[in-house]
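The residues making up each chain are set out below.
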Amino acid sequence: QSGKPTQLRFFIQGEVIPTIQDQPIKCLGKMFDKSLGDVANTANVLQDLIKWMKAIDGSQLQGRFKAWCFQFGVIPRLQWPFQLYDIPMTAVEAMERLCSRHLRKWMGVPQSFSTANLYGKTSKLSLPLSSVEEEYKATKVRAVTTLRTSKDRKVNSVGEGIVCGRKWKPQEAIKEA
């Protein structure tokens, strides 16, 4: 024997069925590749966000309409990947910085304008914008509480397995609330 593992091939009517080693698969919007991790998926979400923000920035719309496109076009598109993938908080913070930079430009405020003022709901200048980081946290907390409140014991225990990196844990946020 050569020591090299043999790869099983499956056939249907003489046609080879590709394995996850050969070709990634998509199920319910989630990509599974040979690593079975979410590193590549996190990078893809970031690349999609960059593409969306560049498309909005390159449009002929006025700044406030670009901000509207972000709020009602980009944020909803991010919620499903946030639900599906274990994206670390550092990647979400990078997404937040990217979006904040564009929003400041579109709203005509200086780059030193704080994110507390940009996304805050209690400040005197309250803009109707959602923070990518807050939407991420809300999505993860929603996922944990949905799984925890299930009547099925197997599903109930899955809620503890939702990870978001080392910086923030939805289970601790739920305890604090």
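Numbering of residues begins from 1 in every chain and follows the order in which that chain's sequence is written. It should be noted that, the model being predicted, local features are given only for residues of pLDDT at least 70 and side-chain atom pairs only at 80 or more, the latter also being counted only at that level, while totals for whole chains, interfaces and linings use all residues. The side-chain values count all of the structure's non-hydrogen atoms but skip hydrogen atoms and water molecules.

Which residues make up unusual backbone geometry, and what values do they have?
One non-glycine residue, Gln-13, lies in positive phi territory at about 50°. Relative to the assigned elements, Gln-13 resides in the loop between strand 1 (10-12) and strand 2 (15-17). By the criteria applied, helices consist of DSSP H or I runs no shorter than four residues and strands consist of E runs no shorter than two, each listed in order from the N terminus.

Go over the pattern of salt bridges with me, naming the residues and quoting the values.
Counted as salt bridges are all cases of a side-chain nitrogen of Lys or Arg within 4 Å of a carboxyl oxygen of Asp or Glu. Within this structure, the stated rule accounts for five salt bridges. Note that Lys-66 is salt-bridged to Asp-57, the shortest N-O span being 4.0 Å. Residue exposure (1.4 Å probe, protein chains only): buried if accessible area is under 20% of the type maximum, exposed if over 50%, otherwise partly exposed. Lys-66 sits in the buried class, given a relative accessible area of 9%. Glu-93 serves as the salt-bridge partner of Lys-167, at 2.8 Å between the closest nitrogen and oxygen. You can see Lys-167 sitting in the loop between helix 6 (153-158) and helix 7 (170-176) and its partner Glu-93 sitting in helix 3 (residues 89-107), a full 74 residues away along the chain. Since its relative accessible area comes to 53%, Lys-167 is described here as exposed. A cluster of three or more residues bridged by salt bridges with shared partners is formed by Asp-57, Lys-66 and Lys-105.

Which residues make up a nonpolar patch on the surface, and what values do they have?
On the surface, Leu-8, Phe-10, Ile-12 and Ile-17 cluster together to form a nonpolar patch covering roughly 410 Å² of accessible area. Note that Ile-12 resides in strand 1. On the basis of relative accessibility, which here comes to 52%, the residue Ile-12 falls in the exposed class. Any residue with relative accessible area above 30% and no salt bridge may belong to a patch, with like charges joined within 9 Å and the nonpolar Val, Leu, Ile, Met, Phe, Trp and Tyr side chains within 5 Å. Areas reported as accessible are Shrake-Rupley estimates using a 1.4 Å probe. Residue values count occlusion only from the protein chains shown.

Any details on helix 1 (residues 39-57)? Residues and values, ideally.
For helix 1, with 19 residues, the first-to-last C-alpha span of 27 Å sits near the 27 Å given by 1.5 Å per residue. Looking only at helix 1, the buried set comprises Asn-41, Thr-42, Val-45, Leu-49, Trp-52, Met-53 and Ile-56. Viewed along the axis of helix 1, the buried residues span an arc of 115°, placing them on a single side of the element. Projecting away from the buried face of helix 1 at angles above 90 degrees are the exposed residues Val-39, Lys-51, Lys-54 and Ala-55. Two residues form a contact once any of their heavy atoms are found within 4.5 Å. Of the surrounding elements, those touching the buried residues of helix 1 are strand 4 (30-32), helix 2 (63-84) and helix 3. Each helix should span, by expectation, one fewer than its residue count multiplied by 1.5 Å. Note that the arc is defined by the directions from the helix axis to the C-beta atoms.

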